[in-house]
Amino acid sequence: MSSNKAAWLNKAGTPLEVGEAPLPVPGPNEIVIQNAAIAINPLDCHMQDHGVFVQQFPAIFGCDVAGIVSEVGTEAQGRFKKGDRVLGHAINLVTGKPQDGAYALYTAVPADKAAILPDSIPFTQGVVAAFALEAAVCALSVKTPGIAMPGVPTPALGLPYPSLQSVSSNKTLIVYGGSSSVGSMTTQLAAAAGIKVIAIASERNFDLCKSCGASEVFDYHESGFVEKVIAAASSAQGREFVGIFDAISTQETYDIDLKILAKLGGGHLAAVHPPPPEVPENVKAGMIFAVNDVATPVWKEYVTPALESGKLKCLPPPTIVGKGLEYVNEALAKSKAGVSATKLVVEL
Ligand SMILES: NC(=O)c1ccc[n+]([C@@H]2O[C@H](COP(=O)([O-])OP(=O)(O)OC[C@H]3O[C@@H](n4cnc5c(N)ncnc54)[C@H](OP(=O)(O)O)[C@@H]3O)[C@@H](O)[C@H]2O)c1
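The rules we used
Residues numbered from 1 in each chain as written. Predicted model: local features only at pLDDT ≥ 70, side-chain atom pairs only at ≥ 80, totals over all residues. Heavy atoms only, no water. Helix = DSSP H or I, 4+ residues; strand = E, 2+ residues; numbered from the N terminus. Rg over C-alpha atoms; globule rule 2.2 N^0.38 Å. Buried < 20%, exposed > 50% of the residue type's maximum accessible area, 1.4 Å probe, protein only. Lys, Arg positive; Asp, Glu negative; His and termini not counted. Charge placed at Lys NZ, Arg CZ, Asp CG, Glu CD. Expected span 1.5 Å × (residues − 1). Pairing = 2+ DSSP bridges. Near = heavy atom within 4 Å. Polar contact = N/O pair within 3.5 Å; in protein donor to acceptor, adjacent residues only side chain to side chain. Areas by Shrake-Rupley, 256 points an atom, 1.4 Å probe, with all protein chains shown as cover. Nonpolar A, V, L, I, M, F, W, Y, C, P; charged D, E, K, R; others polar. Domains from an automatic or database assignment. Phe/Tyr/Trp six-rings, centres within 6.5 Å; stacked < 30°, edge-to-face > 60°. Lys NZ or Arg CZ within 6 Å of the ring centre and 35° of its normal. Contact = heavy atoms within 4.5 Å. Axes fitted to C-alpha atoms, helices over the stretch in contact; angles between N-to-C directions. Parallel < 35°, antiparallel > 145°, perpendicular 65-115°, else oblique. Left-handed = near helix turned anticlockwise from the far one by under 90°. Core = buried A, V, L, I, M, F, W, Y, C linked by side-chain atoms within 4.5 Å. Buried area = accessible area lost by both parts, 1.4 Å probe. Salt bridge = Lys/Arg side-chain N within 4 Å of Asp/Glu carboxyl O.

1. Some points on the overall build of the protein
Along the backbone of the protein there are 10 helices and 17 strands. Taken against the 2.2 N^0.38 rule, which gives 20 Å for 348 residues, the C-alpha radius of gyration of the protein at 20 Å falls within 12% of a compact globule. Each of the three principal axes of the protein carries a C-alpha extent, and together these read 65 × 45 × 35 Å. Every one of the 348 residues in the protein was classed for burial, and the buried ones make up 59%. Taken together, the 25 basic and 32 acidic charged side chains of the protein have centroids lying 4 Å from each other.

2. Describing helix H4 (residues 130-141)
Given a rise of 1.5 Å per residue, 12 residues ought to cover 16 Å, and the 16 Å separating the end C-alpha atoms of H4 matches this to within 8%. Burial in H4 covers these residues: Ala 130, Phe 131, Ala 132, Leu 133, Glu 134, Ala 135, Ala 136, Val 137, Cys 138, Ala 139, Leu 140 and Ser 141.

3. Details of the pairing of strand S5 (residues 85-89)
If a strand is regular, its side chains alternate between the two faces of the sheet. A large share of S5 lies buried, amounting to five of its five residues. Neither face of S5 is left uncovered, since the one carrying Arg 85, Leu 87 and His 89 and the one carrying Val 86 and Gly 88 both have all their residues buried. Of the strand pairs in this sheet, S5 and strand S7 (residues 114-116) are connected by three bridges, and their pairing is antiparallel. When the bridges of S7 are listed, Leu 87 appears paired with Ala 115.

4. Quick look at the site of the ligand
In the region of the ligand, 24 residues are neighbours, and Ser 179, Ser 202, Tyr 220, His 273 and Ser 340 sit closest. One nitrogen or oxygen atom from the side chain of Ser 340 is found 2.5 Å from an oxygen atom belonging to the ligand. Bound to the protein, the ligand loses 84% of the 940 Å² it would expose on its own. When the residues that make up the shell around the ligand are grouped by side-chain class, the tally is 15 nonpolar, eight polar and one charged. Summarising the domain contributions, the shell around the ligand has at least three residues from each of domain 1 (4-128 + 317-347) and domain 2 (133-287).

5. Here we look at the packing of aromatic side chains
Per the stated rule, a full pass over the model turns up three aromatic pairs. Ring centres of Phe 53 and Phe 289 lie 6.0 Å apart, and the angle between their planes is 55 degrees; this geometry places the pair in the tilted category. Separated by 236 residues along the polypeptide, Phe 53 in the loop between helix H1 (42-50) and strand S4 (64-72) and Phe 289 in the loop between strand S15 (283-287) and helix H9 (296-309) bring together distant segments of the chain. Measuring from centroid to centroid gives 6.5 Å for Tyr 176 and Phe 225, while their planes differ by 80 degrees, and the two rings are edge-to-face. Of this pair, Tyr 176 sits in strand S10 (residues 171-176) while Phe 225 sits in helix H7 (residues 225-234); the two residues are 49 residues apart in sequence, bridging distant segments of the chain. Of the residues examined, Tyr 176 reaches a relative accessible area of 4% and is grouped as buried. The positively charged end of Arg 85 is found above the aromatic ring belonging to Phe 123, 4.2 Å away from the centroid.

6. Digging into the environment of Thr 107
With respect to the helices and strands, the residue Thr 107 is situated in strand S6 (residues 106-110). Placed 44 residues apart in sequence, Thr 107 and Cys 63 show a C-alpha to C-alpha distance of 10.0 Å. Apart from the residues lying within four places of it in its own chain, the contact partners of Thr 107 are Pro 24, Ile 31, Val 32, Ile 33, Asn 35, Val 65, Ala 90, Gln 99, Asp 100, Gly 101 and Ala 102.

7. As for the packing of H7 against helix H8 (residues 251-263)
One way to put it is that H7 packs onto H8 with a least axis distance of 10 Å and a crossing angle of 40 degrees. Judged on the interaxial angle alone, H8 and H7 are oblique. Crossing angle aside, the handedness with which H7 passes H8 is right-handed. Of the residues in H8, those in contact with Phe 225, Val 226, Glu 227, Val 229 and Ile 230 of H7 are Ile 256, Lys 259, Ile 260 and Lys 263.

8. Digging into the side chain of Thr 253
Tracing the backbone through its elements, the reader meets Thr 253 in helix H8. For Thr 253, a relative accessible area of 5% translates into the label buried. Discounting residues that sit within four places of it in the chain, Thr 253 has contacts with Tyr 176, Asp 246 and Ile 248.

9. Quick notes on the nonpolar core
In this structure, Ile 31, Leu 87 and Tyr 103 are the most contacted members of the largest nonpolar core, which totals 105 residues. In terms of residues, this core owes the most to one element, H4, which gives 10 residues. With 22 residues, the next largest nonpolar core counts Phe 218, Ala 233, Ile 244 and Leu 264 among its residues.

10. Points about the packing of H4 against helix H5 (residues 181-191)
Where H4 contacts H5, the axes come no closer than 8 Å and their chain directions differ by 60 degrees. If you check the angle between H4 and H5, you find them oblique. As for the relative orientation of H4 and H5, their crossing is right-handed in sense. The segment H4 lies against H5, with Ala 132, Leu 133, Ala 135, Ala 136, Val 137 and Leu 140 engaging Ser 181, Val 182, Met 185, Thr 186, Leu 189 and Ala 190. In terms of residue class, the contact of H4 with H5 is made up of 10 nonpolar, two polar and no charged.

11. Structural notes on the domain arrangement of the protein
Domains assigned within the protein are domain 1 (4-128 + 317-347) and domain 2 (133-287). Computed over C-alpha atoms, the centres of domain 1 and domain 2 are 28 Å apart. On the side of domain 2, six residues touch domain 1, which itself brings seven residues to the contact. Summing both sides of the interface, domain 1 and domain 2 together bury roughly 500 Å²; the carbon and sulfur share of this comes to 42%. It is His 89, Ser 340 and Ala 341 in domain 1 that bury the most area against domain 2; as a group they hold 59% of the surface buried on that side. At the junction of domain 1 and domain 2, the tally comes to one salt bridge. Between Lys 113 and Glu 134 there is a salt bridge, with its nearest N and O atoms 2.6 Å apart. Counting every contact that joins domain 1 to domain 2 gives five residue pairs in polar contact (both at pLDDT 80 or more). Within the side of domain 1 that touches domain 2, the residues separate by chemical class into three nonpolar, two polar and two charged.

Right, dumping it as C-alpha cells:
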C-alpha cells in the first residue's frame, strides 16, 4: 500500500513542513497522479506568505504537477489509465482540499485539466506547462466575461483556440512580459491560432519569445520601446489590433499599456492582476482567473498531439532546484527573489 507525504503550510508566513498526508481519493472525473515533478508559480508565494486563496490550515497548495497516473475516477476511465504519463493542473486554490494541492507525492487533478505527456518529454520539462496553459487559454479565448474576483470581470477577447493545423488570421496581439511563464505560453497559443504576436521582454530573452512564435520582440529597458511597439502594431494594412495581454500587470506596465492602447484606438487589456480602475471607454479591461473550463477543449484535443508534434513547447525551460519535497521551501524562496525566462521545478 502506497503512502503519501506533503509539504504542509500550517500557518501563513511560515516555512512548509514535510509530513504524512492522506492518500488522495479521486472523484468521478478526477485522476490521482504520483508526482514526479512539481513547479512553482508566483501565486504559490502569496499563498505561503499571506494565505491568499487558502481556505483551511493546514494546507497543501501548488498548481503544477507531472507524473504517473495511480488512480482513475469512474468517469475519467475513457481518457486515462493507471501508469499513463501525464501533466496536470492542480486546483486546490478553488477547492481548498489538501488532496488537490501539488506539493505532495500524490495529487488529485480533474481529468479535464490533465493530458498525456509524450514519452519524449521528461516530467521536469512537462511540468512547466499546465497552469500557464490554462491561464493563457483564459486570457485568449473567453468569449463572455465572467468574474475573476468581486467587481473584476475576466477579459473576453474571444480569440480562437490554438490549432494543430497551420492557420492564419488578420489579428495582432501584444504580449507584455513575453518571457514569463504565462506570457510565453500565451504567445505560443496565440501564434498557434494564427495571431500575430508582438512581445515585450528583455533582450536576452528575444530568442525564447521568437521560439514561442512572436513575430517581433522589443526590449522594455530600451528608451523609445513604446513607440517601436506602437509602430509594429499599427504597421500592417488590413490587420486588426485586438489588444494587450499584460503578464506583468504593475502600475508601470498599466501606464504603458494605456499609452499604447490610446495610440492604437483602444482594445482589450487582459491583465493578470486587477486592472486599473479607470480606463477610457474604448478599452475593455479585465483580469484572468486561471481555473476556467474554457480550457477543457484545449486540454482534451490539443495538448498531447501538439506536444508530440513539437507545436507546443514546454517553455520557459525548467530550473531544477532539487529532488524531494524538502526543496519546495528553497524553490519558493528563489521564486520570490525573481526569475528570468525559467520555471522553478522540484523533482520528486
Ligand atoms: N490571475 C491569474 O489567474 C494568474 C495566473 C497565472 C499567473 N498570474 C500572475 O501572472 C504573473 C506572471 O506569472 P508567471 O508565472 O508568468 O511569472 P514569471 O515567469 O515568474 O515572470 C518572470 C518574467 O517576468 C518578466 N518581467 C518582469 N518584469 C517585467 C517588465 N517590467 N516587463 C516585461 N517583463 C517583465 C521577466 O522578463 P525578462 O527576464 O525578460 O526581463 C521574467 O522572465 C504573476 O504576477 C502571477 O502571479 C496570474
